[in-house]
Amino acid sequence: QKEVEQDPGPLSVPEGAIVSLNCTYSNSAFQYFMWYRQYSRKGPELLMYTYSSGNKEDGRFTAQVDKSSKYISLFIRDSQPSDSATYLCAMSAAGNQFYFGTGTSLTVIP
Amino acid sequence: DTEVTQTPKHLVMGMTNKKSLKCEQHMGHRAMYWYKQKAKKPPELMFVYSYEKLSINESVPSRFSPECPNSSLLNLHLHALQPEDSALYLCASSQELSWRNIQYFGAGTRLSVL
């Protein structure tokens, strides 16, 4: 079983839709959770990070962590064509364990 | 400023060439990383430097040779590469080598080996 599971998509939504991206994990030791956005042929850009269960909001983005279910989500409200990218979840634990999900490819159609 | 700068952006090399990739950050970060990313895959860790010392080498072939000349600079020397080494090479940095520290990535060098 992989440490981090992420649905690769592709996911295609109309402009203005609410997008939900998800990752599950198996290692209960993970404590820091990150979302990166990666445009085609570019490096990953940090979007959000959190280290506790609950929600964290930044503009149109909300990161949600449910440690009891080992499940994290990223919600994008009022999605824009410029949000079209691959979204990678990542998580870390003591012992310098750092894992990426496989990434979800998102296309927002104007 | 959370900028990690990588040069060159693109590199084409033959299997007998020697080339180097460069990464620079001026955030005062003491941990720097090299990753390799193939299309539609997540980044794979290659090397980690902490305080200019090699801390992690993920069993990378010796045709890849990292170097950390100072706390702001990280190089990856390439020699006798294979076509399957063609990929996006990403540099990242974090404040310390700690699971609590966020990694910031550069834009990458797209390498093609002919």
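Scroll up for the structure.
Peer 1: Help me out: how do you make sense of the pattern of salt bridges in this one?
Peer 2: Any two side chains of opposite charge can pair, so long as their charged atoms come close to each other. For the structure shown, the criterion picks out seven salt bridges over all chains. Between E45 of chain A and R37 of chain A there is a salt bridge, with the nearest N and O atoms lying 3.1 Å from each other. Judged by relative accessible area, which is 34%, E45 of chain A ranks as partly exposed. We note a salt bridge from D85 of chain B to K36 of chain B, for which the minimum N-O separation is 4.0 Å. Here K36 of chain B lies in strand 4 (residues 31–37) and D85 of chain B lies in the loop between strand 8 (73–79) and strand 9 (87–94), a separation of 49 residues in the sequence. With a relative accessible area of 17%, K36 of chain B lands in the buried category.

Peer 1: Sorry, what's going on with the interface of chain B and chain A here?
Peer 2: By a frequent convention, interface size equals the accessible area lost on bringing the separate parts together. Across the contact, 18 residues belong to chain B and 21 residues belong to chain A. Around 1,600 Å² of area is buried between chain B and chain A when both sides are counted, 65% of it from carbon and sulfur atoms. The interface formed by chain B and chain A includes zero salt bridges. Counting across the interface, chain B meets chain A through three residue pairs in polar contact (both at pLDDT 80 or more). Looking at the side of chain B that touches chain A, the elements that each hand over two or more residues are strand 4, strand 9 and strand 10 (104–105) of chain B. Across the side of chain B that touches chain A, the residue classes break down as eleven nonpolar, four polar and three charged.

Rules behind the numbers
- Per chain, the residues get numbers from 1 upward, laid out in the order the sequence is written.
- Throughout, the order in which chains and ligands are written sets their labels, letters from A for the former and numbers from 1 for the latter.
- Only residues with pLDDT of at least 70 are given local features in this predicted model, and only at 80 or more are side-chain atom pairs given and counted; all residues enter the totals for whole chains, interfaces and linings.
- Just so you know, side-chain values use all the structure's heavy atoms and leave hydrogens and water out.
- Salt-bridge detection follows one rule: a side-chain nitrogen of Lys or Arg within 4 Å of a carboxyl oxygen of Asp or Glu.
- For each residue, the accessible area found with a 1.4 Å probe, counting protein chains only, is set against the maximum for its type, and the residue is called buried under 20%, exposed over 50%, and partly exposed in between.
- Only DSSP runs of H or I reaching four residues or more are called helices, and only runs of E reaching two or more are called strands; each is numbered from the N terminus.
- Any two residues whose heavy atoms approach within 4.5 Å at even a single point are treated as in contact.
- Computed with a 1.4 Å rolling probe, the buried area is the accessible surface lost when two parts are put together, summed over both parts.
- In protein, a polar contact requires one atom able to donate a hydrogen and another able to accept it; more generally it is a pair of N or O atoms within 3.5 Å, and residues adjacent in sequence count only if both atoms are side-chain atoms.
- Three classes are used, and their members are as follows: Ala, Val, Leu, Ile, Met, Phe, Trp, Tyr, Cys and Pro are nonpolar, Asp, Glu, Lys and Arg are charged, and the others, Gly among them, are polar.

The analysis is restricted to geometry; functional conclusions fall outside its scope.
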